[in-house]
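# A look at the structure
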Amino acid sequence: MAHMYTPWFFFVQLLILVAESRAKVPALIVFGDSTVDAGNNNQISTVLKSNFVPYGRDFAGGRPTGRFSNGRIPPDFISEAFGLKPTVPAYLDPNYNISDFATGVNFASAGTGYDNQTSDVLSVIPLWKELEYYKEYQKKLRAYLGEEKANEILSESLYLMSLGTNDFLENYYIFSGRPSQYTVRQYEDFLVGIAGNFIKEIYSLGARKVSLGGLPPMGCLPLERTTNFFGGSECIERYNNVAMEFNGKLNTLVGKLNKQLPGIKVVLSNPYSILLQIIRKPSSYGYENAAVACCATGMFEMGYLCNRYDMLTCSDASKYVFWDSFHPTEKTNSIISDHVVKTVLKVFL
């Protein structure tokens, strides 16, 4: 007879899970680079912006927000999956205030990295400054909700970190400074050290649930493939190998932090394998093109080079894995986010 109750039992369990998910994580707090920037760069003096069309053309209201995509980005999808709001606003956006930020806030800045030298390249917000903004946010939250309620939100929130690609592609492999100081493996260790210190710092400020983002197969970004003339515009395997190696080191760091810091739960949200799978078998996911992006020629354009005057921009971004030469389309962001929620972040649901 027991099997007759099984569907109901699972249905009730699911309802409980959904109800708990709404309570368990009251807000998303986001640090990182353009993979997760919701528009902070709009407010600073940098060439790296995306607050103009065709960016955001598939976003609610068809408006560009400063997200580097045609629509939503991973924190937006993750927030929604946790029963929170469908978009996580940028901290520096004057259209939002602490009542909005109480259920989710985004400190990310396109072009930044773990290494301060990386953020200097395009004059964007360094990671230490994102942390300063977070401390300011804590003060505002306590003033808004009172000490006790604010502290509860800060400790129950899910902290997302997504950065590291720029340290390699915008810094190490372009400028001579860091390579003259570090081999690539030493540089990976240098960055992992910064990641560890950052997590210890937010832990000391109250964070207990942390998702550390891994690197994508960065040798397959259209911009990198374009530069691979002699390799027939295939993925640059050397870059992919570095990403895998770095992700392995981040995984080790996660294990260490979980042992060292009482009460913390750190997980590695690694987009590498799912994105590589999509790039290798795009048609299984309903894509027509994985090698070049939707915007303009799709080979090298991003930011101001991806603009409304380019007649080559594709009409249906959902057929493309990448929106511009460095960033995925909304559809790809959705698939990656869904994968990460179901395989990794489910521990926080």
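Residues numbered from 1 in each chain as written. Predicted model: local features only at pLDDT ≥ 70, side-chain atom pairs only at ≥ 80, totals over all residues. Heavy atoms only, no water.

As recorded in an unreviewed UniProt entry, the protein chain goes by the name GDSL esterase/lipase, listed as coming from Vitis rotundifolia.

### Re helix α2 (residues 74-81)
What counts here: Remark: exposure states derive from per-residue accessible area (1.4 Å probe, protein chains only) relative to the maximum for the residue type, with buried under 20%, exposed over 50%, and partly exposed in between. Comment: elements are numbered from the N terminus, with helices defined as DSSP H or I runs of at least four residues and strands as E runs of at least two. In what follows, residue pairs with any heavy atoms lying within 4.5 Å of each other are defined as contacts.
Extensive coverage of α2 is indicated by the burial of six of its eight residues. Those residues of α2 that fall on the buried side of the exposure criterion are Pro74, Pro75, Asp76, Phe77, Ile78 and Ser79. Where the residues of α2 are buried, they touch β1 (28-32), β2 (104-106), β3 (158-162) and α13 (330-343).

### So, the pairing of strand β5 (residues 265-269)
Going by this rule: By the convention used here, strands pair only if DSSP detects at least 2 bridges between them.
With respect to burial, β5 is a largely interior element, four of its five residues being buried. Note: strand β4 (residues 209-213) against β5, five bridges, orientation parallel. The residue of β5 that forms the bridge with Gly213 is Ser269.

### Here we look at the layout of surface pockets
Rules: A 1.4 Å probe that fits but cannot get out identifies a cavity on a 1 Å grid over protein atoms alone, an open set with protein on both sides within 12 Å along at least five of seven lines counts as a pocket, and a residue lines either if it has an atom within 4 Å of a point. Grid points are joined across faces, edges and corners, and a volume is the space filled by probe spheres set on the points. In this classification, Asp, Glu, Lys and Arg are treated as charged, Ala, Val, Leu, Ile, Met, Phe, Trp, Tyr, Cys and Pro as nonpolar, and every other residue, Gly included, as polar.
Approximately 360 Å³ is the volume attributed to the largest pocket. As for the largest pocket, its lining consists of 20 residues, and the residues nearest its centre are Leu122, Glu170, Leu223, Met302 and Phe326. When residues of the lining of the largest pocket are traced back to their parent elements, those giving at least two are α7 (165-172) and α10 (222-227). Among the elements that make up the lining of the largest pocket, the one with the highest residue count is α7 (three residues). Across the lining of the largest pocket, the residue classes break down as 13 nonpolar, five polar and two charged. Here the second largest pocket is characterised by a volume of approximately 160 Å³. Around the second largest pocket, the lining comprises 14 residues; the ones closest to its centre are Arg63, Thr65, Arg67, Asp93 and Tyr96. In terms of residue class, the lining of the second largest pocket is made up of six nonpolar, five polar and three charged.

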